[in-house]
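Inside the fold
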Amino acid sequence: MIDVRTAMRRTAAEELRARVRAFAEREMASSGADAHCDAWMTSYSAEFSRALGARGWAGMTIPAEYGGPGRTSMERYVVIEELLAAGAPVALHWFADRQVGPALLRHGSPAQRRRYLPGIARGECYFAIGMSEPDSGSDLAAVRTRARRDGEGWRLEGAKTWSSHAHLAHHMLVLARTDPAEDRRAGLSQFLVDLRLDGVQIRPIGTQDGRRHFNEVVFDGVRLDDGCLLGTRGQGWSQVMAELALERSGPERFLSTMPLLRCLLRRTGARPKELGVLLAELRSIRAMSRGVAEALGRGETPTVAAAVVKDLGTRFEGKVVELARDLLPAVPDLASGDEYARLLAEAIVHSPDRTLRGGTNEILRGIVARTAAGV
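What this report covers is the structure whose coordinates are included nearby. (Residues numbered from 1 in each chain as written. Predicted model: local features only at pLDDT ≥ 70, side-chain atom pairs only at ≥ 80, totals over all residues. Heavy atoms only, no water.)

Considerations on the side chain of T145
Along the polypeptide, T145 turns up in the loop between β1 (127-130) and β2 (146-150). According to the relative accessible area criterion, T145 is buried, its value standing at 0%. In this structure the side chain of T145 is engaged in a polar contact, spanning 2.8 Å, whose partner is the side chain of E133. Discounting chain neighbours no more than four positions away, the residues touching T145 are E133, L156, E157, G158, A159, K160, V174, L175, A176 and R177. (Helix = DSSP H or I, 4+ residues; strand = E, 2+ residues; numbered from the N terminus. Buried < 20%, exposed > 50% of the residue type's maximum accessible area, 1.4 Å probe, protein only. Polar contact = N/O pair within 3.5 Å; in protein donor to acceptor, adjacent residues only side chain to side chain. Contact = heavy atoms within 4.5 Å.)

Okay, structure coming up:
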């Protein structure tokens, strides 16, 4: 039997969901913004991000003492579900909101929190993520970017790749090797890097849709002071694992194609059993993702569960594309005035990278297998 407090939380969550849904519809209509698949990667609007911040819907778990609304992780979950389903332009503030804010709350110094968190909560401080490197694939431990001590600071040398919106971001959270170690996962540290510093070069990586969101970022002797080190020197691997749990388990791992699915549902009169099976699968993945969000809200690091969500979620998104093509064939066209043809084209174009970003499915299954084997 549901107790009163649980019922009240559910009611509050649904009221929040209704407000966010109405806001997204209104703001996108007034600005002429179209819904997009993979909007959290490709679609952005500084005005939309600021409007979210003004309503307390950016950096939602940031406490009031650092300029945030101090909401729960599950309230944030409701908000981002609705924004993803709407295909809203959220890419500018996404990475700061999703993982940099929580990383600062967990590992940041008081000075770092005061510097960055208020801007993240306002939807005005943008971060890129510096994990992947050229020629390293999904082997995150193969870090060659180095930060060496230089007087009272550091010198950063190396390169990061697939850094979404680094050309628009103010800062980057960079994983670098600071100390020699036999174990490749040891001797790593994280740094908060101002992308306007001398020695930073940002090079575009084009995508099939003609847009620019990926970048390669090169650090050529970039001077950093000690205040740029996030957390503890040498503990970068454990810090990154906590961030990857956030990156791999959120609704964006199974709702990136939701604008296409919603459009398909609107246009499909009959409801074939294949569509019912797909929606049942969505419900299951969503329940698992919410469980991970609850664990993260308790301060846990559910690495394996997050890996499973990401693996299942990206495969589900592929099934959405396949079913859409079967049930409602159309000529995919990124420039089409027909919403369905455009969304189908977007979903197809981004299909290859869904199973790559955040770690390939093969890497994720390896994490699950090693954990199960106790390795």
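Following the structure, the description resumes.
Section: the pairing of strand β4 (residues 171-177)
In terms of burial, β4 is largely enclosed, as seven of its seven residues are buried. Residues of β4 alternate between two faces, with H171, L173, L175 and R177 on one and M172, V174 and A176 on the opposite face, all of them buried. Across four bridges, the pairing between β1 and β4 is parallel. Looking across to β4, one finds that G130 is bridged to V174. Pairing between β4 and strand β5 (residues 188-194): seven bridges, direction antiparallel. Each residue of the ladder has a partner; that of R177, found in β5, is L188. (Pairing = 2+ DSSP bridges.)

What about the side chain of R98?
Among the structural elements, R98 can be located in helix α5 (residues 91-107). A polar atom in the side chain of R98 sits 2.7 Å from the side chain of E252. Ignoring sequence-local partners within four residues, the contact set of R98 consists of W40, R76, L246, E247, E252 and R253.

A closer look at the pairing of strand β7 (residues 212-225)
Working note: regular strand, side chains alternate between the two faces of the sheet. Pairing between strand β3 (residues 153-160) and β7: eight bridges, direction antiparallel. The residue bridging K160 from the neighbouring strand is V217, located in β7. Examined bridge by bridge, strand β6 (residues 200-206) and β7 share seven bridges and lie antiparallel to one another. The residue bridging R203 from the neighbouring strand is E216, located in β7. In sequence, β6 turns back onto β7 through a hairpin of five residues, with G210 there showing a positive phi of about 80°.

Here's the deal with helix α3 (residues 46-54)
For α3, the complete set of buried residues consists of F48, S49, A51, L52 and G53. At the exit of α3 stands G56, carrying a positive phi of roughly 80°.

Things to note about the pattern of salt bridges
Enumeration over the complete set of coordinates arrives at 27 salt bridges. A salt bridge links R122 to E124; the shortest N-O distance between them is 2.9 Å. Overall, the relative accessible area of 33% leaves E124 in the partly exposed class. Close ionic contact of D226 with R149 constitutes a salt bridge, the shortest N to O distance being 2.5 Å. Taken together, the positions of D226 in the loop between β7 and β8 (229-230) and R149 in strand β2 put the pair 77 residues apart, joining distant regions of the chain. By relative accessible area, R149 is classed as partly exposed at 35%. Connected through salt bridges with shared partners, the residues E14, R17, R21, E81, E82 and R286 form a single ionic network. (Salt bridge = Lys/Arg side-chain N within 4 Å of Asp/Glu carboxyl O.)

Regarding the nonpolar core
Membership of the largest hydrophobic core comes to 75 residues, with the highest contact counts inside it found for L83, I120 and L260. In contact with L260, not counting residues within four places along its chain, are C37, V320, V321, A324, Y340, L343, L344 and A347. Counting residues in hydrophobic clusters, the runner-up holds 21 residues, among them Y126, A166, F191 and V200. (Core = buried A, V, L, I, M, F, W, Y, C linked by side-chain atoms within 4.5 Å.)

What to know about the state of the cysteines
If you walk through the whole model with that rule in mind, you get zero disulfides. Here C125 stays free of any disulfide, with the sulfur of C228 as its closest cysteine sulfur at 13 Å. For the unlinked cysteine C263, the closest cysteine sulfur is that of C37, found at 9.2 Å. (Disulfide = S-S within 2.5 Å.)

A look at unusual backbone geometry
If you check the backbone angles, D135 has positive phi at about 65° while not being a glycine. Here D135 lies in the loop between β1 and β2. Classification of D135 by relative accessible area gives exposed; the value is 78%. In this structure, H165 is a non-glycine residue whose phi angle is positive, near 60°. Relative to the assigned elements, H165 resides in the loop between β3 and β4. You can call H165 buried: its relative accessible area is 4%.

Here we look at the environment of G291
Mapped onto the secondary structure, G291 falls in helix α9 (residues 273-297). Here the alpha-carbon distance between G291 and A46, two residues 245 residues apart in the chain, equals 31 Å.

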